[in-house]
Amino acid sequence: PVPIDMEALRVIDEKEARESRIAPFSMVGKRIKVAVVSPINPKSIEALDKIRSKGYEVTVTVAAPQSLEKVWSRYTCHSRPKQRPALWTYRARI
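On a predicted model such as this, the values are computed, not experimentally measured, just so you know. (Residues numbered from 1 in each chain as written. Predicted model: local features only at pLDDT ≥ 70, side-chain atom pairs only at ≥ 80, totals over all residues. Heavy atoms only, no water.)

J.: What is the right way to read the overall build of the protein from this model?
T.: Along the backbone of the protein there are 3 helices and 3 strands. Helices and strands in the protein line up, N terminus first, as α-β-β-α-β-α. Of all 94 residues assigned to the protein, the portion counted as buried reaches 29%. Here the analysis covers contacts within the protein between residues at least 6 apart in sequence; of these, 59% occur between residues at least 24 apart. Working note: accessible area of the protein is about 7,100 Å², and carbon and sulfur atoms make up 56% of it. (Helix = DSSP H or I, 4+ residues; strand = E, 2+ residues; numbered from the N terminus. Buried < 20%, exposed > 50% of the residue type's maximum accessible area, 1.4 Å probe, protein only. Contact = heavy atoms within 4.5 Å. Areas by Shrake-Rupley, 256 points an atom, 1.4 Å probe, with all protein chains shown as cover.)

Now the structure itself:
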């Protein structure tokens, strides 16, 4: 399994990634690796061009839909608000 870089997920939002059938999974500086189901899908091409227009050098990898689902599932983990530690209140009985 290839590790998923959470920073790569910030390049494109989950809705657009799902609609365009792409999944960014690795990023180093301005180099980003993106998995696609089909490199000739017009929506995928449009989304990849949008990423390039932000100054990223994009490497495209063809992957199975299940692999994209794994990346997309990380958006939920990524967007979940951070949990604050529970505050405990101690009341002394007087």
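J.: What is the right way to read the packing of aromatic side chains from this model?
T.: The geometry of an aromatic ring pair is captured by the separation of the ring centres together with the interplanar angle, meaning the angle of the planes. In the structure shown here, the tally under the stated rule is 0 aromatic pairs. A cation sits over an aromatic face here: Lys-30 above Tyr-56, 4.1 Å from the ring centre. (Phe/Tyr/Trp six-rings, centres within 6.5 Å; stacked < 30°, edge-to-face > 60°. Lys NZ or Arg CZ within 6 Å of the ring centre and 35° of its normal.)

J.: Just checking my understanding: could you explain the nonpolar core for this structure?
T.: As a rule of thumb, nonpolar side chains are buried together in soluble globular proteins. Counting 24 residues, the largest nonpolar core has Ile-22, Ile-32, Val-34, Ile-51, Tyr-56 and Val-58 as its most contacted members. Listing elements by their share of this core, those giving two or more residues are β1 (22–28), β2 (31–36), α2 (42–53) and α3 (65–79). Residues in contact with Val-58, not counting those within four places in the same chain, are Ile-32, Val-34, Leu-48, Ile-51 and Arg-52. (Core = buried A, V, L, I, M, F, W, Y, C linked by side-chain atoms within 4.5 Å.)

J.: Any chance you could explain the side chain of Ser-20 here in plain terms?
T.: Along the chain, Ser-20 falls in helix α1 (residues 14–20). The class of Ser-20 is buried, set by a relative accessible area of 4%. A polar atom in the side chain of Ser-20 sits 2.6 Å from the backbone oxygen of Glu-16. In this view, Ser-20 contacts Ile-12, Lys-43, Ser-44 and Ala-47; residues no more than four positions away in its chain are not counted. (Polar contact = N/O pair within 3.5 Å; in protein donor to acceptor, adjacent residues only side chain to side chain.)

J.: Hey, could you run me through the pattern of salt bridges in this one?
T.: Two side chains that carry opposite charge are able to pair once their charged atoms sit near each other. Tallied over the entire structure, the rule returns 7 salt bridges. Through salt bridges with shared partners, one network takes in Glu-14, Arg-18 and Glu-69. (Salt bridge = Lys/Arg side-chain N within 4 Å of Asp/Glu carboxyl O.)

J.: Can you help me understand the side chain of Ser-44 in this one?
T.: Mapped onto the elements, Ser-44 comes out in helix α2. With relative accessibility at 0%, the residue Ser-44 sits in the buried group. Reaching out from Ser-44, the side chain makes a polar contact with the backbone oxygen of Ser-20 at a distance of 2.5 Å. Those residues in contact with Ser-44, other than ones at most four positions away along the chain, are Ser-20, Arg-21, Ile-22 and Ser-38.

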